[in-house]
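Report on the structure
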Amino acid sequence: KAGVTQTPRYLIKTRGQQVTLSCSPISGHRSVSWYQQTPGQGLQFLFEYFSETQRNKGNFPGRFSGRQFSNSRSEMNVSTLELGDSALYLCASSGDASSYEQYFGPGTRLTVT
Amino acid sequence: DQQVKQNSPSLSVQEGRISILNCDYTNSMFDYFLWYKKYPAEGPTFLISISSIKDKNEDGRFTVFLNKSAKHLSLHIVPSQPGDSAVYFCAASGRNNAGNMLTFGGGTRLMVKP
């Protein structure tokens with residue numbers, strides 16, 4: 001089975017712009033979660049989608065949003081980018097509603113200048 | 001408030017010896033724990049997990065121990081190999097969450113010297 005894929009792998013944006021990141025989960029997986037990794041804050045949970053519904057949301061401002069499509073692919077969007085949004089954004093998928101084990105993609109490295 | 005803590009930012013071990021990585025948690029609602037390994041510029045790779053109904057789980061060279069009363073878990077790698085050099089994260093989840101949400105520790109960088 002192919003793993004979790006994320007596009008793009010690298011992105012450079014300017015403050016104030018918005019960005020959309022994409023994630024394709026492992027085939028058959030219906031849960032997709034997003035995490036942000038920064039040197040200062042570590043790995044932090046953003047949100048999780050299951051069957052196109054957001055089930056969980058972390059403590060991030062409303063500028064961070066996401067969605068999931070009927071084929072389980074997910075996108076996250078960050079509007080009005082700030083310098084502090086520079087991070088590695090990781091997507092993870094898991095098989096079903098009760099599975100704790102999540103499998104991560106390679107991440108998208110976002111740099112905001 | 002860090003609910004999952006890895007107090008050792010780094011650990012250096014000789015090849016062939018045992019590596020022990022530690023993790024503490026504060027939230028008593030956590031009932032499932034996982035260890036991930038991460039190389040630079042890659043996503044975390046799932047290693048091993050343990051449910052709170054167990055106190056030990058083994059998979060090849062990797063063993064995770066859970067001490068619920070102390071709210072402590074550890075990952076043992078025996079024997080350690082240079083390819084094990086990476087950052088290791090422990091993560092926790094619990095049924096208080098509506099869905100899948102992992103809370104991660106800050107990570108421990110393991111260096112295995114040949």
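Structural data are supplied above this passage.
Residues numbered from 1 in each chain as written. Chains lettered and ligands numbered in written order. Predicted model: local features only at pLDDT ≥ 70, side-chain atom pairs only at ≥ 80, totals over all residues. Heavy atoms only, no water.

Focus on the sheet that holds strand 6 (residues 56-59) of chain B
- An order of 1-3-8-7-6 (chain B) is seen for the five strands of this open sheet, with the pairing classed as antiparallel. The open sheet has two edge strands, strand 1 (4-5) and strand 6 of chain B, and neither has a second partner. (Pairing = 2+ DSSP bridges. Helix = DSSP H or I, 4+ residues; strand = E, 2+ residues; numbered from the N terminus.)

Some remarks on the state of the cysteines
- One pass over the full model with this rule turns up two disulfides over all chains.
- The disulfide that involves C23 of chain A links it to C91 of chain A, with 1.7 Å between the sulfurs. Because the torsion about its S-S bond is -55 degrees, the bridge between C23 of chain A and C91 of chain A counts as left-handed. Within this pair, whereas C23 of chain A is found in strand 3 (residues 19-24), its partner C91 of chain A is found in strand 9 (residues 87-94), the two being separated by 68 residues in sequence.
- On the basis of relative accessible area, C23 of chain A is assigned to the buried category, the value being 0%.
- C91 of chain A gets classed as buried once you look at its relative accessible area, which sits at 0%.
- Bridging C23 of chain B to C90 of chain B, the disulfide has an S-S length of 1.9 Å. Residues C23 of chain B and C90 of chain B share a disulfide whose torsion about the S-S bond is about 60 degrees; that sign makes it right-handed. Residue C23 of chain B is located in strand 3 (residues 19-25), and its partner C90 of chain B is located in strand 9 (residues 86-94); the two are separated by 67 residues in the primary sequence. Each member of the pair, C23 of chain B together with C90 of chain B, is buried. (Disulfide = S-S within 2.5 Å. Buried < 20%, exposed > 50% of the residue type's maximum accessible area, 1.4 Å probe, protein only.)

Side note on the environment of S74 of chain B
All names here are of chain B.
- Relative to the helices and strands, S74 is located in strand 8 (residues 72-77).
- Each C-alpha atom, one on S74 and one on L21, is 5.5 Å from the other, the two residues being 53 residues apart in sequence.
- Discounting residues that sit within four places of it in the chain, S74 has contacts with I20, L21, N22, W35, T63, V64 and F65.
- Engagement of the side chain of S74 in a polar contact is seen with the side chain of H76, the distance being 3.4 Å. (Contact = heavy atoms within 4.5 Å. Polar contact = N/O pair within 3.5 Å; in protein donor to acceptor, adjacent residues only side chain to side chain.)

Side note on the environment of Q18 of chain A
All names here are of chain A.
- Relative to the elements of secondary structure, Q18 occurs in the loop between strand 2 (10-13) and strand 3.
- Separated by 36 residues in sequence, Q18 and Q54 place their C-alpha atoms 21 Å apart.
- Those residues within four positions of Q18 in sequence are excluded, and the remaining contacts are K13, N77, V78, S79, T80 and L81.

Some words on the pairing of strand 4 (residues 30-38) of chain B
All names here are of chain B.
- The buried count for strand 4 comes to nine of nine residues, which makes it a mostly enclosed element.
- Taken together, the eight bridges between strand 4 and strand 9 define a ladder with antiparallel strand orientation. The residue of strand 9 that forms the bridge with W35 is C90.
- Looking at chain direction, strand 4 and strand 5 (residues 45-51) are connected through six bridges and run antiparallel. Bridging across to strand 5, L34 finds its partner in S49.
- From the end of strand 4 to the start of strand 5, which pair antiparallel, there are six residues, and A41 there has a positive phi angle of about 65 degrees.

What to know about the packing of aromatic side chains
- A full pass over the atoms with the stated rule returns 13 aromatic pairs over all chains.
- Relative to F104 of chain B, the ring of Y35 of chain A lies with its centre 5.5 Å away and its plane at 90 degrees, an arrangement referred to as edge-to-face. Taken together, the residues Y35 of chain A in strand 4 (residues 31-38) and F104 of chain B in strand 10 (residues 103-104) connect one chain to another. You'll find Y35 of chain A and F104 of chain B in the same group, each marked buried.
- Following the ring pairs from residue to residue traces out a cluster consisting of Y35, F45, Y103 and F104 of chain A together with Y36, F46, F89 and F104 of chain B.
- It is R55 of chain A that lies over the ring of F50 of chain A; its NZ or CZ is 4.6 Å from the centre. (Phe/Tyr/Trp six-rings, centres within 6.5 Å; stacked < 30°, edge-to-face > 60°. Lys NZ or Arg CZ within 6 Å of the ring centre and 35° of its normal.)

Focus on the interface of chain B and chain A
- Contacts between chain B and chain A engage 22 residues on the former and 23 residues on the latter.
- In total, chain B and chain A occlude about 1,900 Å² of area from one another, counting both sides; carbon and sulfur atoms represent 56% of this.
- Seen at the junction of chain B and chain A, the total is zero salt bridges.
- Here chain B and chain A share six residue pairs in polar contact (both at pLDDT 80 or more) between them.
- Only strand 4, strand 5 and strand 9 of chain B provide two or more residues apiece to the side of chain B that touches chain A.
- If one sorts the elements of the side of chain B that touches chain A by residue count, strand 4 of chain B sits on top with five residues.
- Class assignment of the residues belonging to the side of chain B that touches chain A gives a composition of 11 nonpolar, seven polar and four charged. (Buried area = accessible area lost by both parts, 1.4 Å probe. Salt bridge = Lys/Arg side-chain N within 4 Å of Asp/Glu carboxyl O. Nonpolar A, V, L, I, M, F, W, Y, C, P; charged D, E, K, R; others polar.)

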